[in-house]
Amino acid sequence: MNVQFKKGVLELCVLVLLDKQDHYGYELVQKISDQIQISEGTVYPLLRRLTKEEYFTTYLQESKEGPPRKYYQLTDKGRIYLQALLAEWYQFTNGVNHLIKEGVKDE
Amino acid sequence: MNKREFLITLEAELKDIDKQERMELLQDYEAHFEFGLEEGKTEEEIAKDLGSPRGIAKEVKASYHIEQAKGDGGIQNILQATLAVIGLGLFNLIIVLGPFLAIVSIIFSGWIVSFAGIISPLLVLIDIFITSSFELVNLFAAILFCGLGLLLLVAMMYVTKFMKKIFIRYLSYNVSIVKGGMKGD
């Protein structure tokens, strides 16, 4: 898939993952890159931007091994934003799927 | 590329942005390397999956400078934001540089015309000294141009402010297209 297009979807993926439970950065990156091919480095600036826009709050948690983990938690503002993005996403994918089906039928 | 090379390149590329922001971002990547190493990956593998530090820096810079330009609307910030967005790729070079040059030349010529009008009575004076002849019609025309120049000056102040705002909005719209057009702001 087109790289630029995927970056927009990345935002949606991060929000959806955080809707279920809090995650730390590395965990988020791994979960997403398990499913879709991404440049993992683009996730961190995205997390910072969304935090600045008050969609997330962060807290640090020490772990027995490795560096402390910076967890991201979705705020109410973030949830509202997620709903808006999801609605947009469904509308978009429904449209594309519809076009694909019609295209296939015609052949 | 190993961890050190990745972090050094990224830090160097981000030297223009706010120190605290840069440090925090670098910490994120440093932690990412440590988590990866713990899972048994090599530094080279981790760096490869992260992607090019230059590419990451370009996007960070573009968003950063646009935020700055939105904040104070200073010429320097707008210029930096423009350059940063252009730096994102050839596509941006074409669709940003064109409007940028057009807006700058419109604003520039507006100011020039306005100043020329305002100083035109002065030109009449110079004309009197040089040719030592005086035409009343010249003076009237000059006063008229001066008045029009002053009006244009006031208009240009608003136009410049307005154009700045529009252009900054265009820049951030541009970044959002490049990011996939789902940014929502």
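In what follows, the structure referred to is the one given above.
Every chain is numbered independently, its residues counted from 1 as its sequence is written. Think of it this way: whatever chain is written first is A, whatever ligand is written first is 1, and the rest follow in order. In keeping with the predicted nature of the model, local features appear solely for residues at pLDDT of at least 70, side-chain atom pairs appear and are counted solely at 80 or more, and the whole-chain, interface and lining totals rest on all residues. Working from all heavy atoms in the structure, the side-chain values ignore hydrogens and water.

Which parts of the structure should I look at to understand the overall build of chain B?
Across its full length, chain B carries eight helices and zero strands. Runs of E in the DSSP output that reach at least two residues are strands. Runs of H or I that reach at least four are helices, and both are numbered from the N terminus. Its helices and strands in sequence order give chain B the pattern α-α-α-α-α-α-α-α, from N to C terminus. For this measure, only C-alpha atoms enter the radius of gyration; the expected value for a globule follows 2.2 Å times N^0.38, where N is the number of residues. Taken over C-alpha atoms, the radius of gyration comes to 26 Å for chain B, far larger than the 16 Å a tight globule of 185 residues would show. Expressed as lengths along the three principal axes of its C-alpha atoms, the size of chain B is roughly 90 × 35 × 25 Å. Working definition: with a 1.4 Å probe on protein chains only, accessible area under 20% of the residue-type maximum means buried, over 50% means exposed, and in between means partly exposed. Within the span of chain B, comprising 185 residues, buried residues form 38% of the whole. Only heavy atoms matter for contacts: two residues are in contact if any of them lie within 4.5 Å across the pair. Counting contacts in chain B only where the partners sit at least 6 residues apart, residues at least 24 apart contribute 64% of the total. Note on areas: Shrake-Rupley with a 1.4 Å probe; residue coverage comes only from the protein chains shown. As displayed, chain B has an accessible area near 10,800 Å², and 68% of this comes from carbon and sulfur atoms. Asp and Glu are treated as the negative residues and Lys and Arg as the positive ones, with His and the ends of the chain left uncounted. Every charge is mapped to an atom, namely NZ of Lys, CZ of Arg, CG of Asp or CD of Glu. Both charge centroids of chain B, one from 17 positive and one from 22 negative side chains, sit 5 Å from each other.

I'm lost on a negative patch on the surface in this one. Help?
Residue and element names in this part refer to chain B. Side chains of Glu5, Glu44, Glu45 and Asp49 sit close together on the surface and give a patch of like negative charge. The dominant element in the negative patch, judged by the number of residues it contributes, is helix α3 (residues 43–50), at three residues. With respect to the secondary-structure elements, aspartate 49 resides in helix α3. Since its relative accessible area comes to 30%, aspartate 49 is described here as partly exposed. Patch construction takes residues with relative accessible area above 30% that form no salt bridge. Like charges are linked within 9 Å, and nonpolar side chains (Val, Leu, Ile, Met, Phe, Trp, Tyr) are linked within 5 Å. What makes a salt bridge here is a side-chain nitrogen of Lys or Arg within 4 Å of a carboxyl oxygen of Asp or Glu, nothing more.

Got a minute to help me understand the nonpolar core in this structure?
Soluble, globular proteins show a tendency: their nonpolar side chains are buried together. Counting 44 residues, the largest nonpolar core has Val14, Tyr44, Leu47 and Phe56 of chain A together with Phe6, Leu10 and Tyr29 of chain B as its most contacted members. Apart from the residues lying within four places of it in its own chain, the contact partners of phenylalanine 56 of chain A are Val14, Leu15, Leu18, Leu47, Leu50, Thr51, Tyr72, Gln73, Leu74 and Thr75 of chain A. In this description, a nonpolar core means a group of buried Ala, Val, Leu, Ile, Met, Phe, Trp, Tyr and Cys residues linked to one another through side-chain atoms lying within 4.5 Å.

Would you mind showing me how to read the pairing of strand β3 (residues 69–74) of chain A here?
For a regular strand, side chains alternate in direction, first toward one face of the sheet and then toward the other. Residues and elements named next belong to chain A. For strand β1 (residues 23–24) and β3, the ladder comprises two bridges, and the chain directions are antiparallel. Directly across from histidine 23, in β3, lies its bridge partner tyrosine 72. At least two DSSP bridges between two strands are needed for those strands to be called paired. The pairing of strand β2 (residues 56–61) with β3 spans six bridges and is classified as antiparallel. Its bridge partner lying in β3, tyrosine 59 is registered against tyrosine 71.

Is there a simple way to explain the sheet that holds β3 of chain A in this structure?
Sheets are built from strands paired through backbone hydrogen bonds, the pairs being either parallel or antiparallel. Residue and element names in this part refer to chain A. Taken in spatial order, the three strands of this open sheet run β1-β3-β2, and their pairing is antiparallel. Looking at which strands have only one partner, the edges of the open sheet turn out to be β1 and β2. Between N-to-C directions, angles span 0 to 180 degrees; the directions come from axes that are lines fitted to C-alpha atoms, helices contributing only their stretch in contact. Of the strands in this sheet, β2 and β3 are in contact with helix α3 (residues 43–52), which crosses β2 at around 115°.

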